[in-house]
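This is what each chain is made of:
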Amino acid sequence: MPELYDRVRPGYPDELFADLVAITGVAESSSVLEVGCGTGQATRSLAALGCSVTAVEPGADMAALARQRIASFPDVTIETSTFEEWDDRGRRFDALVAASSWHWVDPSIGWQRAHDVLRPGGWMALIGHVVVRRPGEPEVYAETADLHEQFCPGNPDWGHPPLEDEVRSTDEGWGLVDDPGGLFGPTIVRWYPTVQWFDGEGFADHLRSLSLYRKLDRAVREPLLDAVAERIRRRMGDRASRRYLSVLRVGQRTE
């Protein structure tokens, strides 16, 4: 699963990291804590800035793959732990970055812990992706809704992605996670439209990496995804897009 995840999940655009630098001032002398580094997709971009990066990842297989991916960067350390139980050994950081991972952290512990491990004036940054659609554009769920209902009827999570303009206008602050209260200052939010293209088999692999599909029983999931791949081949010319808004949310630690 780590190799599949690394192959099919979207990366983060270079402009996002350029804005992270411009907003927070992180530079070659900065220390960054990354929470939930996964296979190291964002870790590589942070390391390329010249920062010293300490990454915390609870999944041993994910952490092992991430270590392989960042082996050429000497100032990156990956420690296997949950953020809640991680031993910071008194270390303090200029920025904390969580890329598509903060929703796994217990909010009753995570926000205060983030505040505590940051230096005065340090920055909290959440990075993620929102799947979106544009009006009139062919979209896989619209083409396969009947298959989803056939193989797994009544699933409350099935549904069309939101429109891109709706997300830009409504999803503010820290997004869909619990608010940290007064621990961090006003949130700066930036959006970056990106798109991935897949053939039918590749799109099915992409869906296999998502928790919505991973939690289905294999006997339901695999026939569904085989049917989705076949539908993309036959009805969409074996070419399907996954459109995203990547998002950067940044707030400065309050004293």
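Everything here concerns the structure above.
The structure presented is a predicted model; accordingly, all values stated were derived computationally and were not measured.

1. Comments concerning unusual backbone geometry
Of note in the backbone geometry, S100 takes a positive phi value of approximately 55° without being a glycine. Tracing the sequence through the fold places S100 in the loop between β4 (93-99) and α5 (107-117). Taking relative accessible area as the criterion, S100 reaches 24% and is therefore assigned partly exposed. Its identity as a non-glycine residue notwithstanding, D238 has a phi of 60°, on the positive side. When you line up the elements, D238 lands in the loop between α10 (218-235) and β7 (240-252).

2. Here we look at the pairing of β4
Counting buried positions over the seven residues of β4 gives six, a clear majority of the element. Relative to β4, strand β1 (residues 31-35) runs parallel, the two sharing three bridges. When the bridges of β4 are listed, L33 appears paired with L96. On the question of chirality, the crossover connecting β4 to the parallel strand β5 (residues 118-132) by way of α5 is right-handed.

3. Thoughts on the environment of S101
Counting through the fold element by element, S101 comes out in the loop between β4 and α5. When the C-alpha atoms of S101 and P153 are compared, they prove to be 29 Å apart, with 52 residues separating the residues in sequence. Excluding residues within four positions of it along the chain, S101 makes contact with V35 and G36.

4. Quick look at helix α4 (residues 60-69)
Those residues of α4 that sit buried are M62, A63, L65 and A66. Axial view of α4: buried residues confined to an arc of 165°, hence all on one face. When the buried face of α4 is taken as reference, the exposed residues oriented beyond 90 degrees from it are A60, D61 and Q68.

5. Things to note about the packing of aromatic side chains
Taken as a whole, this structure holds nine aromatic pairs when the rule is applied. Aromatic pair F83 and W86: ring centres 6.4 Å apart, planes at 25°, arrangement stacked. Pair check on accessibility: F83 and W86 agree, each one buried. An aromatic cluster of three or more residues is present, and its members are F83, W86, F93, W102, W111, W174 and F184. The ring centre of W197 lies 3.9 Å from the NZ or CZ of R239, which sits over that ring.

6. Concerning the sheet that holds strand β6 (residues 188-198)
Strands pair in a sheet through their backbones, by hydrogen bonds, and they do so in one of two ways: parallel or antiparallel. With mixed pairing, the seven strands of this open sheet are ordered in space as β3-β2-β1-β4-β5-β7-β6. In this open sheet, the two strands that pair with only one neighbour each are β3 (76-80) and β6. Adjacent strand axes in the sheet meet at a mean angle of 20° when their direction is disregarded. When β5 meets β7, the two strands line up antiparallel, connected through 10 bridges. Counterpart to V132 in the pairing with β7 is R243.

Definitions and cut-offs
- Residues numbered from 1 in each chain as written.
- Predicted model: local features only at pLDDT ≥ 70, side-chain atom pairs only at ≥ 80, totals over all residues.
- Heavy atoms only, no water.
- Helix = DSSP H or I, 4+ residues; strand = E, 2+ residues; numbered from the N terminus.
- Buried < 20%, exposed > 50% of the residue type's maximum accessible area, 1.4 Å probe, protein only.
- Pairing = 2+ DSSP bridges.
- Right-handed = clockwise from strand over helix to strand, strands pointing away.
- Contact = heavy atoms within 4.5 Å.
- Arc of directions from axis to C-beta.
- Phe/Tyr/Trp six-rings, centres within 6.5 Å; stacked < 30°, edge-to-face > 60°.
- Lys NZ or Arg CZ within 6 Å of the ring centre and 35° of its normal.
- Axes fitted to C-alpha atoms, helices over the stretch in contact; angles between N-to-C directions.

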